[in-house]
Amino acid sequence: MTAAQTVRERVRAELTKEIADIARRRLATEGAAGLSLRAVAREMGMASSAVYRYFPSRDDLLTRLIIDGYDALGEAVERAEVAVPRENHLERWLTSCRAIRAWALAHPHEYALLFGSPAPGYQAPPDTARARVRDVAVLGGIIADAYRAGAITLREGHVIPPPSLAGDAATHRVYMPDVPDEIVFHALASWTALYGWLNFEVFGHFSNTIGDRDTAFDHSIRITADLMGLSPL
């Protein structure tokens, strides 16, 4: 690779990042549906045709923002969870949930892009799959580790999933190797409860209904841990 090629690649990477950063800021005012490559180009002082060389369409730009968002969320969860002792499965779960919430509250517009209403006409390509499951892989790994360690005890009389859901359990077992169907579905219910809470909080549905949201959230994720039978040390 020549020096000139290295410089061109560096300039391209810098401009691509600048375009994505501007688009990410514009999400706050325009939302994903209103995102426009022409508007980004105007803010950069570039011709729109120049921006199209980096992102051929609005959907390409949205895909970059979505992948960046999932990666940022995944990195935040991974960084928080890895600092907890491996044998403390309950604390790993609680720490991961707190990290997800902290990221969501710090980046509400990016969270909305990932978990809110999709932009009209946009279809996420397979490119987003790897980044999309980083947080799920952490949570699933905690459940799998806890199960292998005998640290999951479901309540007597817990609900057993019907046989028709065996295929769905197998799909999600990718993130929880060897975990039986009933625990897979307890985990799935807990994950959806976590993100349901965050959607209510980020999108303002707790206004005038929950005052001490930090304490209420912590109580909520302890309920999900109890639902899954995660035993404290």
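Residues numbered from 1 in each chain as written. Predicted model: local features only at pLDDT ≥ 70, side-chain atom pairs only at ≥ 80, totals over all residues. Heavy atoms only, no water.

Named according to an unreviewed UniProt entry, the protein is TetR family transcriptional regulator originating from Sinosporangium siamense.

## Quick word on the UniProt feature "domain: HTH tetR-type" (unreviewed entry) in the protein
Heads up, the condition is: UniProt positions are given in the numbering used here, feature names are shortened, and annotations may be inferred rather than shown by experiment. Secondary structure counts use DSSP, requiring at least four H or I residues in a row for a helix and at least two E residues in a row for a strand, with both numbered from the N terminus.
Those places that UniProt annotates as "domain: HTH tetR-type" (unreviewed entry) correspond, in this numbering, to residues 13-73. In the segment residues 13-73, helix accounts for 77% and strand for 0%; the C-alpha atoms at its two ends are 22 Å apart.

## Quick look at helix H5 (residues 89-106)
Spelled out, the test is: Residue count minus one, scaled by 1.5 Å, sets the expected span of a helix. Buried residues are those whose accessible area, probed at 1.4 Å on protein chains only, stays under 20% of the maximum for their type, while exposed residues exceed 50% and partly exposed ones sit between those limits.
For H5, with 18 residues, the first-to-last C-alpha span of 26 Å sits near the 26 Å given by 1.5 Å per residue. Within H5, 13 of the 18 residues are buried, which leaves the element mostly enclosed by the surrounding structure.

## Looking at unusual backbone geometry
Excluding glycine, residues mostly have negative phi values, and the peptide bonds linking residues are mostly trans. The phi dihedral of Asp178 falls on the positive side, at around 75 degrees, and the residue is not glycine. In this structure, Asp178 sits in the loop between helix H9 (166-172) and helix H10 (181-202). For Asn208, which is not glycine, the phi torsion reads 65 degrees and is therefore positive. Tracing the backbone through its elements, the reader meets Asn208 in the loop between H10 and helix H11 (213-228). The exposure class assigned to Asn208 is exposed, which follows from its relative accessible area of 84%.

## As for the pattern of salt bridges
This is how the line gets drawn: Put simply, a salt bridge is a Lys or Arg side-chain nitrogen that is within 4 Å of an Asp or Glu carboxyl oxygen.
If you walk through the whole model with that rule in mind, you get 23 salt bridges. For Arg26, the salt bridge identified is with Glu30, shortest N-O distance 2.4 Å. Taken together, the positions of Arg26 and Glu30, both in helix H1 (residues 3-30) and four residues apart, correspond to about one turn of that helix. Using a relative accessible area of 18% as the deciding quantity, one classes Arg26 as buried. On the accessibility criterion, Glu30 (28% relative accessible area) is partly exposed. In this structure, Glu78 and Arg134 form a salt bridge, with 2.7 Å as the shortest nitrogen-oxygen distance.

## A closer look at the nonpolar core
Rules: What makes a nonpolar core is a set of buried Ala, Val, Leu, Ile, Met, Phe, Trp, Tyr and Cys residues whose side-chain atoms join them at distances within 4.5 Å. Should any heavy atoms of two residues lie within 4.5 Å, those residues are counted as being in contact.
Among the nonpolar cores identified, the biggest contains 65 residues, and Trp93, Ile143, Leu194 and Leu230 are the most heavily contacted of them. Breaking this core down by element, the ones donating at least two residues are H1, helix H2 (37-44), helix H4 (58-81), H5, helix H6 (108-115), helix H8 (134-148), H10 and H11. Of all the elements, H10 adds the most residues to this core, at 10 residues. Every residue in contact with Ile143, bar those within four places of it in the chain, is listed here: Trp93, Ile152, Met176, Val179, Ile183, Ala187, Met228 and Leu230.

## Some thoughts on the UniProt feature "DNA-binding region" (unreviewed entry) in the protein
On the UniProt side, "DNA-binding region" (unreviewed entry) is annotated at positions that read residues 36-55 here. Secondary structure content for residues 36-55 is 65% helix and 0% strand, while the C-alpha to C-alpha distance between its ends is 11 Å.

## What about the packing of H5 against H11?
What counts is decided by this rule: In this analysis, axes come from line fits to C-alpha atoms, helices being fitted only over the stretch in contact, and the angle between any two N-to-C directions falls in the range 0 to 180 degrees. Just so you know how the angles are binned, under 35 degrees is roughly parallel, over 145 roughly antiparallel, 65 to 115 roughly perpendicular, and the rest oblique. Here is the rule for handedness: rotate from the far helix to the near one, and if that takes an anticlockwise turn smaller than a right angle the crossing is left-handed, while a clockwise turn gives right-handed.
Packing of H5 against H11 brings their axes to within 10 Å, and their N-to-C directions diverge by 135 degrees. Relative to H11, the element H5 is oriented oblique. Between H5 and H11 the crossing geometry is right-handed. Packed against H5, whose contacting residues are Leu90, Trp93, Leu94, Cys97, Arg98 and Arg101, the element H11 presents Arg213, Asp214, Phe217, Asp218, Ile221, Arg222, Thr224, Ala225 and Met228 at the interface.

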